[in-house]
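# Reading the structure
Residue-level listing of the chains:
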Amino acid sequence: MNLHEYQGKSILREYGVSVPESTVVNTPEDAIAAAKEIQTSTGVESWAVKAQIHAGGRGKGGGVKIAKSIDEVGQHADAILGMMLVTPQTSAEGKKVNNILIEQSIFYDGPS
């Protein structure tokens, strides 16, 4: 089954599973707007900007970034959207990123 992360989280949400607040977007401007909405509803001050392609290892390929400001959300979105993301589960050419997930960043400041 090929599901993007945002699709899987939507299914989990339907069944009452607690998942981070997030929005899928396809422009840097929409990424900034989504981050602002998430900040308003949750109070978070950092976000995960995640490429949505059918492949694992997106973070290792540069497709997942943590933004610590609204400006960084836009910068990361601009860098990730349109990139050819190469991961261990893609071909050498990679897969083009057309959508990204803007998600409230979950940080646990506990023992390592």
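## A short note on the nonpolar core
Grouped together as the largest cluster of nonpolar side chains are 21 residues, with contacts concentrated most on Ala-31, Trp-47, Val-49, Val-73, Val-97, Ile-100 and Ile-102. Elements with a minimum of two residues in this core: helix H2 (28–42), strand E2 (47–51), helix H3 (70–80) and strand E6 (100–104).

## Notes on the pattern of salt bridges
One pass over the structure, following the stated rule, counts five salt bridges. In this structure, the salt-bridge partner of Lys-9 is Glu-5, at a minimum N-O distance of 2.8 Å. Of this pair, Lys-9 and Glu-5 both sit in helix H1 (residues 5–14), four residues apart, roughly one helical turn. Accessibility assignment for this pair places Lys-9 and Glu-5 in one class, buried. Between Glu-5 and Arg-58 there is a salt bridge whose closest N-O contact spans 3.1 Å.

## Section: the pairing of E2
Across the five residues that make up E2, a large majority, five, are buried. Of the strand pairs in this sheet, E2 and strand E3 (residues 64–67) are connected by four bridges, and their pairing is antiparallel. By the bridge assignment, Val-49 is partnered in E3 with Lys-65. As paired elements, E2 and E6 share five bridges and run antiparallel to each other.

## Structural notes on H1
For H1, the set of buried residues is Glu-5, Gly-8 and Lys-9. Looking straight down H1, one finds that the buried residues subtend no more than 95° of arc, so they occupy a single side. Close packing links the buried residues of H1 with E2 and E6. Within two residues after H1, Gly-16 carries a phi angle of roughly 85°, on the positive side.

## A short note on the environment of Thr-87
With respect to the helices, strands and loops of the structure, Thr-87 is situated in the loop between strand E4 (84–85) and strand E5 (95–96). The exposure class of Thr-87 is buried, given its relative accessible area of 6%. Separated by 66 residues in sequence, Thr-87 and Glu-21 place their C-alpha atoms 26 Å apart. Not counting residues within four places of it along the chain, the set of residues in contact with Thr-87 comprises Ile-53, Ala-55, Gly-56, Gly-57 and Arg-58.

About the criteria used
Residues numbered from 1 in each chain as written. Predicted model: local features only at pLDDT ≥ 70, side-chain atom pairs only at ≥ 80, totals over all residues. Heavy atoms only, no water. Core = buried A, V, L, I, M, F, W, Y, C linked by side-chain atoms within 4.5 Å. Buried < 20%, exposed > 50% of the residue type's maximum accessible area, 1.4 Å probe, protein only. Helix = DSSP H or I, 4+ residues; strand = E, 2+ residues; numbered from the N terminus. Salt bridge = Lys/Arg side-chain N within 4 Å of Asp/Glu carboxyl O. Pairing = 2+ DSSP bridges. Arc of directions from axis to C-beta. Contact = heavy atoms within 4.5 Å.

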